[in-house]
Amino acid sequence: MKNWIYHLGLAAIAVLCLLSIFGAFLGAENARAFFNSVPLAAWWIGFTILLVMSIAAFRALHNRSMLFLMHAGCVLILLGGLWGSRAGQKMTASILGKPWIESSYLKLYPGRQSSTAYRATDGQPLDLGFSVALNDFQIHYYDNPATVLLIQSDLGQWEIPSGKGAEYLLSARAGKVRVLETFSNLKIRMENGKPVASEGPAVESNPAWLLEFVSPDGRATQQFVFEKFAGHAMPGYPFLVTPQKRGMIRDYISDVQVFRDGHPVAAKQIEVNYPLHYAGFHIYQDSYGQDEMGQYSVLQVVPDQGVRLVFGGYVLLTIGLVVHFARKVNTHRRHGGCS
Amino acid sequence: MQLKYSNEGILIYAMMAVVAVGLMLRVMRKKQASVFAACLACLVGLSAWGLRWITVEHIPMQNMFEVFLTLGVFLLPVGLAARRFTGIDHPSDGLGDFILTLILLFPAGFVFSDAPQKLPPALQSPLFGPHVAVYMLSYVLLAKAALQAGLGLYYHNRSAKPSSGQLSCEDHELSAYLLVCLGFPLLSMGLFLGSVWGKLAWGDWWGWDPKELWSLACWLMYLFYFHWRYLFRQKMPRANCVCVILGLVFIIITLLWVNLSNLFKGMHNYAS
């Protein structure tokens, strides 16, 4: 019986190795689907049972604590993986009678809050049971980023430098564009009943550009573009212009607060590598973007089911491996090494 | 082929030259002089590595140039430490260290670009250094193990019995086993630290990325080797040696093919 279990275990390791190689050729998404499919779920359960049986059957694993730790660590990792899988999460939610909230995304604008996330798999809205407010969102660059102007219309999309004076040909049908003025703090004052744009005091900031579009028939149209109201399309303007920063990003940070029943329950500045943990979920800084409503931050909400088991398994496995093999090498050395 | 004229590049070439001299001295059986050459090579290599750290302002393990530089620079000191730990003192092991150092420094010196790169947000993790460092250490030890396994196979295939003082296939197989005993816990720690980092950065402790799957295959290969060797001990030295060599083949695939080939698209592409 013990021989059978050992040979079966050896074969299972070889098969898992081959499956991993096969999965590597599928790409991450297909591999995830493959390793979570029903036959593979049966395989994972069988593999876990085999490991438990081997711990029960082999006396060496009971007498040698480090060997036991290594195998118990593997069992914990597999159990954590099974419990944290989609099927495991779904089953737990149905047993506990709770709504199943799987990995989803929150799109938040500064100053807004939301309790609705959108499921990663199909975009379906999910109620989190708590709301997340974005107090502030910041992007930090390694060096001063250059600003470019993204011009969009039905005729196409172009990107031009934001420096004053230069003229750019968009296309034969769209015509030309010229940056007439640049402002770091645009102020509008009235002169003889007409609005006039001018540079305001440097203590405030309202970066803006005055562009002139010249159509192929020679008709010129002037258009203001504001950094703080990016993507704002003025009625009658044929072009949507969005200033965008270009540079190597060092970090992007969302200052968030979590509310439950209207009361703040958690707060953190979420960065990549530093998520917020609340009520069995990790909330991550995922990405950011800009649309007609301004800049927004995308946060990822991920349930943490099974993670503690997996990490506990890593700790047991690491302790077992380091101590067991250190002893093994030490024993060989004390017996004269292999010179 | 890309020659490097930066200070790091010149130091890499200097280290390669000292290592080549050390190798020749080793072949000529001038052990003391070769040890001196190894120490000098370590100093030159560590200078290149330190200079690179200052230039890029982060631990130099981000791209392929830095990875091969790290592997090449640390092989000799790690080899020396491994000899102390295991008691392995074959002439072939010392010779192998010089050859492996030259092989590992070659891509850093002539193949990969040394253009400095800034760290993207995901790589600015306290786990970046430990994760890559333990992987590098394990790769060095497992490469040395594969060299011993290769020698084991070579002597196994020779029909003549080794003369007195010469090492047999079993001796090399045992050396390979001891080196894998040192490298495998580090390989495991690299895998686990990567998984913890993945959870903190991307929300998942396992993302089924091609690099992750090849790393798992690599880990499973050595796991298979240990279970196989426990079953057959040294009755099948040839099969044991083949397992260790296959492990290194998987490491090379994980380190090079997955990063450089368009066949495996994934989130580890920044390493290329």
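All values reported here derive from a predicted model rather than from experimental measurement.

Criteria and cut-off values
- Residues numbered from 1 in each chain as written.
- Chains lettered and ligands numbered in written order.
- Predicted model: local features only at pLDDT ≥ 70, side-chain atom pairs only at ≥ 80, totals over all residues.
- Heavy atoms only, no water.
- Helix = DSSP H or I, 4+ residues; strand = E, 2+ residues; numbered from the N terminus.
- Rg over C-alpha atoms; globule rule 2.2 N^0.38 Å.
- Buried < 20%, exposed > 50% of the residue type's maximum accessible area, 1.4 Å probe, protein only.
- Contact = heavy atoms within 4.5 Å.
- Areas by Shrake-Rupley, 256 points an atom, 1.4 Å probe, with all protein chains shown as cover.
- Lys, Arg positive; Asp, Glu negative; His and termini not counted.
- Charge placed at Lys NZ, Arg CZ, Asp CG, Glu CD.
- Pairing = 2+ DSSP bridges.
- Axes fitted to C-alpha atoms, helices over the stretch in contact; angles between N-to-C directions.
- Buried area = accessible area lost by both parts, 1.4 Å probe.
- Salt bridge = Lys/Arg side-chain N within 4 Å of Asp/Glu carboxyl O.
- Polar contact = N/O pair within 3.5 Å; in protein donor to acceptor, adjacent residues only side chain to side chain.
- Domains from an automatic or database assignment.
- Phe/Tyr/Trp six-rings, centres within 6.5 Å; stacked < 30°, edge-to-face > 60°.
- Parallel < 35°, antiparallel > 145°, perpendicular 65-115°, else oblique.
- Left-handed = near helix turned anticlockwise from the far one by under 90°.
- Nonpolar A, V, L, I, M, F, W, Y, C, P; charged D, E, K, R; others polar.

Participant: Is there a simple way to think about the overall build of chain A in this case?
Facilitator: Check the secondary structure of chain A and you find seven helices and 17 strands. Taking 339 residues into account, the globule formula puts the C-alpha radius of gyration at 20 Å, and chain A, at 30 Å, lies well above it. Taken along the three principal axes of its C-alpha coordinates, chain A extends 100 × 60 × 40 Å. When the 339 residues of chain A are sorted by exposure, 43% land in the buried category. When contacts within chain A are restricted to residue pairs at least 6 apart in sequence, those whose partners lie at least 24 apart make up 50%. Total accessible area on chain A is roughly 18200 Å²; 58% of this is exposed by carbon and sulfur atoms. Across chain A, the mean location of the 29 positive side-chain charges is 15 Å away from that of the 24 negative side-chain charges.

Participant: Would you take a moment to explain the overall build of chain B for this structure?
Facilitator: When helices and strands are counted, chain B shows eight helices and zero strands. If you list the helices and strands of chain B from N to C, you get α-α-α-α-α-α-α-α. For 272 residues, the compact-globule estimate of 2.2 N^0.38 gives 19 Å, and chain B sits close to it at 19 Å. Projected onto its principal axes, the C-alpha coordinates of chain B cover approximately 60 × 45 × 30 Å. Here chain B holds 272 residues, and the buried ones make up 59% of them.

Participant: How do you make sense of unusual backbone geometry when you look at a structure like this?
Facilitator: Both trends apply: most residues other than glycine have a negative phi, and most peptide bonds are in trans. Even without being a glycine, Ala279 of chain A presents a positive backbone phi close to 50°. Mapped onto the fold, Ala279 of chain A is located in the loop between strand S15 (276-278) and strand S16 (281-291). Judged by its relative accessible area of 43%, Ala279 of chain A falls in the partly exposed class. Unusually for a residue other than glycine, Trp208 of chain B sits at a positive phi of about 60°. Here Trp208 of chain B lies in the loop between helix H6 (169-202) and helix H7 (210-232). Note on Trp208 of chain B: relative accessible area 11%, which makes it buried.

Participant: Before we go on, may I ask you to explain the sheet that holds strand S4 (residues 146-153) of chain A in this structure?
Facilitator: Remark on secondary structure: sheet strands pair via backbone hydrogen bonds, oriented parallel or antiparallel. Residue and element names in this part refer to chain A. Strand order in this open sheet of three strands is S5-S4-S12, and the pairing throughout is antiparallel. Two strands in the sheet have a free side with no partner beyond their single neighbour: strand S5 (156-161) and strand S12 (240-246). On average, each strand axis in the sheet is tilted by 25° relative to the strand beside it, whichever way the strands run. Where S4 lies against S5, six bridges are found, and the strand directions are antiparallel.

Participant: How do you make sense of the interface of chain B and chain A when you look at a structure like this?
Facilitator: How big an interface is tends to be stated in terms of the accessible area lost upon association of its parts. Taken together, the contacts link 59 residues of chain B with 56 residues of chain A. In terms of surface lost to chain A, no three residues of chain B exceed Lys199, Trp205 and Trp208 of chain B, which account for 15% of the buried area on that side. Linking chain B with chain A are two salt bridges. Between Arg32 of chain A and Asp204 of chain B there is a salt bridge, with the nearest N and O atoms lying 3.1 Å from each other. At the boundary of chain B with chain A, the tally comes to twelve residue pairs in polar contact (both at pLDDT 80 or more). Of all the elements in the fold, those that place two or more residues in the side of chain B that touches chain A are helix H3 (64-86), H6, H7 and helix H8 (237-260) of chain B.

Participant: What is the right way to look at the domain arrangement of chain A in this model?
Facilitator: Per the domain assignment, the segments of chain A are domain 1 (2-94 + 306-334), domain 2 (107-141 + 249-303) and domain 3 (148-246). One C-alpha centre belongs to domain 1 of chain A, the other to domain 2 of chain A; they are set 34 Å apart.

Participant: Just to check I follow, could you spell out the pairing of strand S17 (residues 294-303) of chain A for this structure?
Facilitator: Working note: regular strand, side chains alternate between the two faces of the sheet. All names here are of chain A. With nine of its ten residues buried, S17 lies for the most part within the structure. Bridging between strand S1 (residues 104-108) and S17 involves five bridges; their strand directions are antiparallel. Considered in S17, the bridge of Leu106 is made with Leu299. Across ten bridges, S16 lies against S17 in antiparallel orientation. Paired with Tyr288 across the strands is Ser297, a residue of S17.

Participant: For this particular structure, what's the right way to read the side chain of Gln244 of chain A?
Facilitator: Residues and elements named next belong to chain A. With respect to the helices, strands and loops of the structure, Gln244 is situated in strand S12. A distance of 3.1 Å separates polar atoms of two side chains, one belonging to Gln244 and the other to Arg246. Sequence-distant contacts of Gln244, that is, excluding residues within four places in its chain, are made with Ala146, Thr147, Val148 and Leu150.

Participant: Which parts of the structure should I look at to understand the sheet that holds strand S13 (residues 249-260) of chain A?
Facilitator: The strand order S14-S13-S3-S2-S1-S17-S16-S15 (chain A) describes an open sheet built from eight strands, whose pairing is antiparallel. Each end of this open sheet is capped by a strand with a single partner; those strands are strand S14 (263-270) and S15 of chain A. Strand after strand, the sheet turns through a mean of 35° between neighbouring axes, direction not considered. With respect to the sheet, H6 of chain B is in contact with S16 and S17 of chain A, its orientation differing from that of S16 of chain A by roughly 50°.

Participant: Looking at this structure, I do not really get the packing of aromatic side chains. What am I missing?
Facilitator: Between two aromatic rings, the relevant description is the distance of the centres plus the angle of the planes. All names here are of chain A. Within this structure, the stated rule accounts for 41 aromatic pairs over all chains. Residues Phe35 and Trp44 carry aromatic rings whose centres are separated by 6.2 Å and whose planes lie at 40° to one another, so their mutual orientation is tilted. Judged by relative accessible area, which is 2%, Phe35 ranks as buried. Plain terms: the ring middles of Trp158 and Phe239 are 6.4 Å apart, the flat faces sit at 65° to each other, and that makes the pair edge-to-face. Of this pair, Trp158 sits in strand S5 while Phe239 sits in the loop between strand S11 (220-226) and S12, and the two are 81 residues apart along the sequence.

Participant: Would you mind showing me how to read the pattern of salt bridges here?
Facilitator: When the charged atoms of two side chains lie near each other, side chains of opposite charge can form a pair. Residues and elements named next belong to chain A. This structure, assessed with the given rule, holds 20 salt bridges over all chains. Arg178 is paired through a salt bridge with Glu212; the nearest N and O atoms lie 3.3 Å apart. One end of the pair, Arg178, is in strand S7 (residues 175-183); the other, Glu212, is in strand S10 (residues 208-214), with 34 residues separating them in the sequence. When salt bridges with common partners are traced through the structure, they connect Arg86, Glu102, Arg119 and Asp122 into a single cluster.

Participant: Can you help me understand the pairing of strand S8 (residues 186-191) of chain A in this one?
Facilitator: Residues and elements named next belong to chain A. Pairing between S8 and strand S9 (residues 194-199): six bridges, direction antiparallel. Opposite Met190, over in S9, you have Pro195 as the bridge partner. If you look at the hairpin formed by S8 and S9, you'll find two residues sitting between the two strands, and Asn192 has a positive phi there, around 50°.

Participant: What's the story with the packing of H6 of chain B against H8 of chain B in this structure? I'm lost.
Facilitator: All names here are of chain B. Taken N-terminus to C-terminus, the directions of H6 and H8 make an angle of 40°; their axes are 10 Å apart at the nearest point. Between H6 and H8, the angle falls in the class oblique. Considering how the two elements wind past one another, H6 and H8 form a crossing that is left-handed. Taken together, the residues of H8 that come into contact with H6 (itself represented by Cys169, Glu170, Glu173 and Val180) are Pro237, Asn240, Cys241 and Val244. Taken together, the residues of the contact of H6 with H8 sort by class into five nonpolar, one polar and two charged.

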